Amino acid sequence: QVQLVESGGGLVQAGGSLRLSCAASGGTFNVYAVAWFRQAPGKERKFLGTINMSGSNTYYRDSMKGRFTISRNNVENTVYLQMNSLKPEDTAVYYCAVREAWGTSTARNEYDYWGQGTQVTVSS
C-alpha cells in the first residue's frame, strides 16, 4: 500500500508562489496517476489537476490552467504542484491522491490513496 506525504505549504502573500510536494513510499510509484485536490474551510474538496504515470500527460480543472502546474519525478517518487500568482481564495488544505488508472476523472472516489494534506494560506 502506498503512503503519501504532502509538504511545502505555508503562508504566502498574494501574488507569490509555492511549490507543493507529494512524496510516495511503500509502493511502485510509476503505476499510479496522481491528482491534486484542495479543500477550503466549509467547502467540499475540489479537484485541481492530475498527471499520468510517466508524467507525459496532464489534465487541469479549467480555473487552474495557467497558474498551476503538476510535474513528477519517478526516480524520487515525488509529484509537485507549482502554484503561481496565488490569490487569497487559493487558501485551503491541499491533498494529493493516487489511482492505478489514467483519466480525467475529477471525482474523489476514483482515487484510492490520499495524503494527510498541507495547509496553504494566502494573505491579501
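See the structure shown above.
Everything numeric in this text was worked out from a predicted model, so none of it was measured. (Residues numbered from 1 in each chain as written. Predicted model: local features only at pLDDT ≥ 70, side-chain atom pairs only at ≥ 80, totals over all residues. Heavy atoms only, no water.)

### Section: the layout of surface pockets
In this structure, the largest pocket spans a volume of roughly 260 Å³. Taken together, 16 residues form the lining of the largest pocket, with R38, A40, K43, K46 and E89 sitting closest to its centre. Elements that contribute at least two residues to the lining of the largest pocket include exactly β4 (33–39) and β5 (46–51). Residues of the lining of the largest pocket, tallied by class, amount to four nonpolar, three polar and nine charged. (1 Å grid on protein atoms, 1.4 Å probe; cavity = no way out; pocket = protein on both sides within 12 Å on 5 of 7 lines; lining within 4 Å. Points joined across faces, edges and corners; volume = space filled by probe spheres on them. Helix = DSSP H or I, 4+ residues; strand = E, 2+ residues; numbered from the N terminus. Nonpolar A, V, L, I, M, F, W, Y, C, P; charged D, E, K, R; others polar.)

### Topic: the pairing of strand β11 (residues 118–123)
Residues T118, V120 and V122 line the buried face of β11, whereas the alternating positions Q119, T121 and S123 sit on a face that is not buried. Pairing of strand β9 (residues 92–99) with β11, which is carried by three bridges, proceeds in the antiparallel orientation. Bridging across to β11, A92 finds its partner in V120. (Buried < 20%, exposed > 50% of the residue type's maximum accessible area, 1.4 Å probe, protein only. Pairing = 2+ DSSP bridges.)

### Overview of the state of the cysteines
For the coordinates displayed, the defined rule picks out one disulfide. Disulfide pairing is shown between C22 and C96; the S-S distance is 2.1 Å. Taking the sign of the S-S torsion, about 70° here, the bridge from C22 to C96 comes out right-handed. Taken together, the residues span a long stretch of sequence, with C22 in strand β3 (residues 18–25) and C96 in strand β9 at a distance of 74 residues. According to the relative accessible area criterion, C22 is buried, its value standing at 0%. (Disulfide = S-S within 2.5 Å.)

### Section: the pairing of β5
In terms of burial, β5 is a largely internal element, five of the six residues being buried. Both β4 and β5 contribute to a ladder of five bridges, which runs antiparallel. Across the sheet, R38 pairs through a bridge with K46, a residue of β5. The turn joining β4 and β5, which pair antiparallel and follow one another in sequence, is formed by six residues; a positive phi near 75° is taken by G42. Where β5 and strand β6 (residues 58–60) come together, three bridges link them in antiparallel fashion. Residue T50 lies in a different strand from β6, and its bridge partner there is Y59. Where β5 folds back onto β6 in an antiparallel hairpin, the turn is made up of six residues, including G55, whose phi is positive at roughly 90°.

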